[in-house]
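# Working through the structure, step by step
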Amino acid sequence: MEQTDTFELGGRALTSRLFTGTGKYGDDGLIPAVCEASGSQVITVALRRVDLDKGADNVMRHIPGHMTLLPNTSGARTADEAVRIARLARAMGCGNWIKIEVISDNRYLLPDGYETVRATEILAREGFVVLPYMNPDLYVARSLANAGAAAIMPLGAPIGTNRGLRTEEMIRILIEEMSLPIIVDAGIGTPSQACQAMEMGAHACLVNTAIATAADPIGMARAFGQAVQAGRRAYLAGLGSVAALARASSPLTGFLDQEEGGI
Amino acid sequence: MTFLPEALHLATYPLEGSFQKVDGNEVLRAIGRDSLTAEGFLALLSPAASPHLEAMASRARDLTMRHFGRTVSLFTPLYLSNHCANHCRYCGFAARNTIPRTQLNLEEVRAEGEAIAATGLKQILLLTGEAPHKAGVDYLEACVAVLRPLFPSIAIEVFPMETEDYARLVRAGVDGLTVFQETYDPELYAQLHPAGPKRDFVFRLNTPQRGAEAGMRIVNIGALLGLSDWRREIFATGLHAAWLQRQYPGVDIAVSLPRMRPHAGDFEPACVVSDRDLVQAMTALRIFLPRLSVTISTRETPRFRDNILPLGVTRMSAGVSTAVGGHAKPAETGQFEISDGRSVAEVCQVLRARGYQPVFKDWEPLEASA
């Protein structure tokens, strides 16, 4: 299965469906080991934290060369700011993938759907591979698809909360209705939750806080890598349907098989 | 709409009685809740919460880790001018104190900036007294133009301005505003500020709001702890921060917890805020407002700063001089004495040893990009 189950995104064929991040680490020096342990091939980095000055402790130097960089627009409050950050990222040599985060609510860090769609439209037109972070809303997802998004990144729960798939039903709808890949981003706190998202049919998961703030980030990265793989395998193998009650007989239709005159 | 009605209501409300009425069960319930009301916040600040400090600290640590990770943002103040028309009774720069008055020219500003930049810092806080005819908006704008190439993030802690003036500075590249109310008690405020433009309690109270409206990304408020009952002041500070967060959700609201330090002049603090009190204040704020940025300055000792790191701190000053021109040449009289004189490199070393990443750069200026 590993040979054939690749995830095509932005012109790349990914064999890992776990995306990781660079935020919240006590030591960025852990990042290479986290990438290796998780098997991840895509890593997101906040452009606001990238410091290319000579002598600065630049997060970029910790990112292994084989990783696909997914710069994000953390800190953008409007589409205009997100667009400017994306252009800066490209000019700084971070490639043409961009994760759009437009957040103007610092209490819950919920994404602004309208501004996200606007930024997606502009950046997709400019040739970026646009991965917008969004609230799992079908209408916004359709608008993002029309605007040229390469994938949709719905939140499982607000960023950093580790609350899991609180938006499960909404994500399920996106998986069913959208032809674009669905990458569950934010809120995943445990490997079992990532596994659940993959079992549901999500194409990939992005996990940062739960790995970066674990007591053993490398061990947790490995656990997430395995959980995402297990969930994907389960999805491909076809999960059995779930019944609420044991079915020993057919109380409603059993009469069809009984001979007339029987009790 | 302003915070004033709430502030005035708080000022006359018999909060002491409310603090005394809280029992331990209310405190435990507040610690366990996902989101806190003002009543829950009050419970955490009450004397009844004192025996539960470890549980509060544990919750505060978890919330801080979840929302900010193992990172602490570093900045340093750059004192531009100590001319001041105010008569704040507790401040070393007050007009009545006979200290040498000085103001950096742009060459000196550049030298200070370069000395700070050489330590690796990327975020600075520009400070002046209140003397707009000497160090006004034009002067600040010129200083920002000099410093901009060195620092992606520039905040100001100067004198309260009108929204249009803040907007001018935002356009010049300022992204943060720090303004302390000092005390939320209007009567005490009047006593402590007997003369000078700072006497205007209401204008100062509404200053963070004007900064937010002008487009500041970070607005940092605070009360000077020691001027009056700390529980009241922290309660008011927390409610003010919550009000600002709701009113301006796109702005990063930060709170500082400055304790009074020795300074030029003879003012004695009205109350002593112990280490234990400060930990209670900080952890209560964190539990009440999980995403609040919390700033701890070098007013605190190295030992205390190092130990409170996990309990809610997200921003720290380092390599500090509170004297005008103190980074590039030996310091003269500072605004107050600092307790943590460690260099930026020494602070970073301690942060790393404790598993924290010092964050130097946390914003990419956009004004110059296409």
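Notes on the structure in this doc start here. For clarity, every value in this text was computed on a predicted model and none was experimentally measured.

### Quick word on the overall build of chain A
Across its full length, chain A carries eight helices and 10 strands. C-alpha extents for chain A along the principal axes are approximately 90 × 40 × 40 Å. A buried classification covers 54% of the 263 residues belonging to chain A. Within chain A, counting contacts between residues at least 6 apart in sequence, those at least 24 apart form 65% of the total. With an accessible surface of roughly 11,900 Å², chain A has 50% of that area assigned to carbon and sulfur atoms.

### Some words on the overall build of chain B
Of the regular secondary structure elements, chain B holds 15 helices and nine strands. The C-alpha atoms of chain B give a radius of gyration of 20 Å, which matches the 21 Å a tight globule of 370 residues would have. Expressed along its principal axes, the backbone C-alpha trace of chain B runs to roughly 60 × 45 × 40 Å. Every one of the 370 residues in chain B was classed for burial, and the buried ones make up 62%. Sequence-distant contacts in chain B: of pairs separated by 6 or more residues, those separated by 24 or more amount to 76%. Accessible surface, chain B: about 13,600 Å² in total, of which carbon and sulfur atoms supply 52%. Charge centroids of chain B, computed over 38 positive and 41 negative side chains, lie 4 Å from each other.

### A word on helix α6 (residues 191-200) of chain A
Residues and elements named next belong to chain A. Counting buried positions along α6 gives seven out of 10 residues, so the element sits mostly inside the fold. If you check which residues of α6 are buried, you get P191, Q193, A194, C195, A197, M198 and M200. Those residues of α6 hidden inside the fold are in contact with α5 (168-177), β9 (183-185), β10 (204-207) and α8 (217-237).

### Looking at the interface of chain B and chain A
Contact with chain B, which involves 35 residues of that partner, is made by 37 residues of chain A. Carbon and sulfur atoms make up 42% of the surface buried where chain B meets chain A, a total of about 2,900 Å² over both sides. Across the chain B-chain A interface, the total number found is five salt bridges. For B:D362, the salt bridge is made with A:R49, and the minimal N-O distance between the two is 2.8 Å. Taken together, the connections running from chain B to chain A amount to 23 residue pairs in polar contact (both at pLDDT 80 or more). The dominant element in the side of chain B that touches chain A, judged by the number of residues it contributes, is helix α5 (residues 53-68) of chain B, at four residues.

### Quick word on the pattern of salt bridges
Residue and element names in this part refer to chain B. Following the criterion strictly, the structure yields 28 salt bridges over all chains and no others. Of the charged contacts, one joins R232 and E16 as a salt bridge, the two residues approaching to 3.0 Å between their closest N and O atoms. Taken together, the positions of R232 in helix α12 (residues 230-247) and E16 in helix α2 (residues 15-21) put the pair 216 residues apart, joining distant regions of the chain. E141 is the salt-bridge partner of R168, the closest N and O atoms lying 2.8 Å from each other. Placement of R168 in helix α8 (residues 163-172) and of E141 in helix α7 (residues 137-147) is noted, with a sequence separation of 27 residues between them. Residue R168 is classed as partly exposed on the basis of its relative accessible area, which comes to 25%. Judged by its relative accessible area of 26%, E141 falls in the partly exposed class.

Criteria and thresholds
- Sequence positions are assigned chain by chain, starting from 1 and proceeding in written order.
- Chains carry letters and ligands carry numbers; both start at the beginning, A for chains and 1 for ligands, and go up in the order they are written.
- In view of the model being predicted, local features appear only for residues whose pLDDT reaches at least 70, and side-chain atom pairs are presented and counted only at 80 or more, with totals across whole chains, interfaces and linings using the full set of residues.
- The basis for the side-chain values is all heavy atoms of the structure; hydrogens and waters are excluded.
- Numbered from the N terminus, helices here are DSSP runs of H or I no shorter than four residues, and strands are runs of E no shorter than two.
- Type-normalised accessible area, obtained with a 1.4 Å probe on protein chains alone, sets the label of each residue: buried when under 20%, exposed when over 50%, and partly exposed for intermediate values.
- Contacts between residues were defined by any pair of non-hydrogen atoms, one from each residue, lying within 4.5 Å.
- Computed by Shrake-Rupley with a 1.4 Å probe, the accessible areas treat only the displayed protein chains as cover when residues are assessed.
- Radius of gyration: over C-alpha atoms. The globule rule applied is 2.2 Å multiplied by the number of residues raised to the 0.38 power.
- The convention is simple: Lys and Arg are positive, Asp and Glu are negative, and His and the chain ends are not counted.
- In this description, the location of a charge corresponds to atom NZ of lysine, CZ of arginine, CG of aspartate or CD of glutamate.
- Once two parts are brought into contact, the accessible area they lose, counted with a 1.4 Å probe and summed over both, makes up the buried area.
- By definition here, a salt bridge exists when the distance from a side-chain nitrogen of Lys or Arg to a carboxyl oxygen of Asp or Glu is within 4 Å.
- Distance and chemistry together define a polar contact, namely a pair of N or O atoms within 3.5 Å, with one atom able to donate a hydrogen and the other to accept it when in protein, and with adjacent residues in sequence counting only for side-chain atoms on both sides.

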